Amino acid sequence: YEEAVDYYQQYLRYAPQDHRAKSGKESCTIVPNWISRPTRYKVTNVSKFNTAQADFSIVWASKDYRTVYFTSSREGSQGSRDNYKSGQEFTDIFEVTQDRKGAWSSPTPIVGGVNTEDDEGASTVSLKGTDMYFTRCKAGKKVDEPCKIYLSSKKGNAWGQPVLLEIPGFESAEVGYPALSPDDKTLYFSAEVEGGYGGQDIYMAQRVGTSNKFTKPINLGPKINTLGDEVFPTVRENGDLYFASDGHQGMGGLDIYKAVKKGREFSGVENLKYPINSSFDDFGIIFNGKEESGYFSSNRKGGKGSDDIYSFILPPLMITMNGVIYDTTNIDKKIPIKEAKITVYADGAVVKELTSNEKGQFTMQLEKDKVYEVKGEV
């Protein structure tokens, strides 16, 4: 990052108004502090899900959070060609289920008409698990069609033949990365069309009644979208938006960001920082309901191959009070008091009685959002 700052400075002498260079220089100044003081999230490569090929874009496929779908180019995928746009082999959508002991099954291609020799990518599943919206690309040596979003409905245990989702005003545009809101009433996706803010922008469209039709999409605006790409949107139960971008201030490549919903708009874009983000591509985050745990994708070093799926969890915050009781009768010499009685109060009631050790020390675990009073007696 320090070396990058020097290059940005050299470049800015010739292009002092380049917003991207200014933002990049500022990022490279801030990011080392993020790395030296990481957030409390614990990140782990999920070896059960990953291969040497690309494995990414994990989504929940059931309300009990025991089934997930993800996209992969692993052996068993039907597409044998390369997508010249991404440089990756064509992908299919795979399924993994978790038993009651927490063990995950081996990934298998989803059953039905979704997977083909084309490139099936990022997906989202409705609340009831009966509808799936997914990205399909038909790029090849003799084919160059824009990526589109398709809809498939579940029939029994198999997915039916997909149909092209009609998005008003986006008929000729390249669209993808669909994500449904928790109530299934809003569809978010990314597209690059004239009138946007740069690369791929995030749009949202409202469902028309209970049908599978949507209103004309609305761009989420300049607080979310930048000159770069904004992709892989997802919305939590509280309405907050998470997405990946290479245009906001970040660690490099795609980073994952959070935006808080206020009314019908999103604001306060916040980088999730290290260790969820890295200098590589980090994207496609999902949460386990209201819990601060879930999964995301990354091609960072230390994985099994290309893109890998990682789990994350925010451990419970442990608050510990450590104290020492002294005899300060002689102001020139503090003497630790052993076997002193320490009484701890909260909300006017006694919550703990402690005894100091030979060095006058005592310790206790505290709960957050409480006010404590500590009294010492000899």
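Residues numbered from 1 in each chain as written. Predicted model: local features only at pLDDT ≥ 70, side-chain atom pairs only at ≥ 80, totals over all residues. Heavy atoms only, no water.

Peer 1: Talk me through the overall build of the protein chain; I want residue IDs and the actual numbers.
Peer 2: Scanning the protein chain for helices and strands turns up 2 helices and 30 strands. Taking the principal axes of its C-alpha atoms as reference, the protein chain extends roughly 90 × 60 × 40 Å. In the protein chain, which comprises 378 residues, the proportion classed as buried is 46%. The contacts in the protein chain between residues at least 6 apart in sequence include a share of 49% that link residues at least 24 apart. Counting only carbon and sulfur atoms, one obtains 49% of the accessible surface of the protein chain, whose full area is about 20700 Å². A gap of 4 Å separates the mean positions of the 47 positive and 52 negative side-chain charges of the protein chain. (Helix = DSSP H or I, 4+ residues; strand = E, 2+ residues; numbered from the N terminus. Buried < 20%, exposed > 50% of the residue type's maximum accessible area, 1.4 Å probe, protein only. Contact = heavy atoms within 4.5 Å. Areas by Shrake-Rupley, 256 points an atom, 1.4 Å probe, with all protein chains shown as cover. Lys, Arg positive; Asp, Glu negative; His and termini not counted. Charge placed at Lys NZ, Arg CZ, Asp CG, Glu CD.)

Peer 1: Report on the pattern of salt bridges, specifying residues and quantitative values.
Peer 2: Applying the stated rule across the entire model yields 7 salt bridges. Between glutamate 292 and arginine 236 there is a salt bridge whose closest N-O contact spans 2.9 Å. Taken as a pair, glutamate 292 in the loop between β21 (282-287) and β22 (293-298) and arginine 236 in the loop between β17 (230-235) and β18 (241-245) lie far apart in primary sequence, 56 residues in all. When its relative accessible area of 9% is taken as the criterion, arginine 236 is described as buried. (Salt bridge = Lys/Arg side-chain N within 4 Å of Asp/Glu carboxyl O.)

Peer 1: Could you give me a rundown of the sheet that holds strand β13 (residues 174-180), with the residues and numbers involved?
Peer 2: Spatially, 4 strands are ordered β13-β14-β15-β16 in an open sheet, and the strand pairing comes out antiparallel. Since the sheet does not close on itself, it has two edges, and those belong to β13 and β16 (218-219), each with one partner. Bridging between strand β14 (residues 186-192) and strand β15 (residues 201-206) involves 6 bridges; their strand directions are antiparallel. Bridge pairing in β15 links tyrosine 188 to methionine 204. (Pairing = 2+ DSSP bridges.)

Peer 1: For the pairing of strand β9 (residues 131-137), give the residues involved together with the corresponding values.
Peer 2: The element β9 is extensively covered by neighbouring structure, given that 7 of its 7 residues are classed as buried. Neither face of β9 is open: one carries Asp131, Tyr133, Thr135 and Cys137, the other Met132, Phe134 and Arg136, and all of them are buried. Counting the residues that bridge the hairpin from strand β8 (residues 119-125) to β9 gives 5 residues, and of these glycine 129 lies at a positive phi of roughly 80°. Pairing geometry for β9 and strand β10 (residues 148-155), over 6 bridges, is antiparallel. Within the sheet, the bridge partner assigned to tyrosine 133 lies in β10 and is leucine 151.

Peer 1: Provide a residue-level description of the pairing of β10, including the pertinent values.
Peer 2: Bridging between β10 and strand β12 (residues 163-164) involves 2 bridges; their strand directions are antiparallel. Bridging across to β12, leucine 151 finds its partner in valine 163. Relative to strand β11 (residues 158-159), β10 runs antiparallel, the two being bridged by 2 bridges. Each bridged residue has a counterpart across the sheet, and for lysine 155 the counterpart in β11 is alanine 158.

Peer 1: With reference to specific residues and values, describe the state of the cysteines.
Peer 2: Within the structure shown, the criterion is met by 1 disulfide. The disulfide bridge from cysteine 137 ends at cysteine 147, spanning 2.0 Å between sulfur atoms. One disulfide, between cysteine 137 and cysteine 147, carries an S-S torsion of 110° and so falls in the right-handed class. Pair noted here: cysteine 137 is in strand β9 and cysteine 147 is in the loop between β9 and β10, with a separation of 10 residues, a long-range link. Of the two residues examined, cysteine 137 and cysteine 147, each falls in the buried class. (Disulfide = S-S within 2.5 Å.)

Peer 1: Outline the sheet that holds strand β6 (residues 92-97), supporting the account with residue identities and numerical values.
Peer 2: Spatially, β2-β3-β6-β7 is the arrangement adopted by the 4 strands of the open sheet, whose pairing is antiparallel. Strands with a single pairing partner mark the edges of an open sheet, and in this sheet they are β2 (55-60) and β7 (108-109). Here β2 pairs with strand β3 (residues 67-72) via 4 bridges, running antiparallel. Across the sheet, residue tryptophan 60 finds its bridge partner in β3, namely valine 68.

Peer 1: Lay out the packing of aromatic side chains in plain terms, naming residues and giving numbers.
Peer 2: On inspection of all chains with the given rule, the structure shows 23 aromatic pairs. Seen in terms of ring centroids, phenylalanine 134 and tyrosine 150 are 6.0 Å apart; in terms of plane orientation they differ by 25°. Their pairing is stacked. Pair noted here: phenylalanine 134 is in strand β9 and tyrosine 150 is in strand β10, with a separation of 16 residues, a long-range link. The buried category is assigned to tyrosine 150, whose relative accessible area is 12%. On the numbers, 6.2 Å between centres and 70° between planes, the contact of tyrosine 188 with phenylalanine 266 is edge-to-face. Residue tyrosine 188 is located in strand β14, and its partner phenylalanine 266 is located in strand β20 (residues 265-271); the two are separated by 78 residues in the primary sequence. (Phe/Tyr/Trp six-rings, centres within 6.5 Å; stacked < 30°, edge-to-face > 60°.)

These results come straight from atomic positions and should not be treated as a statement about function.
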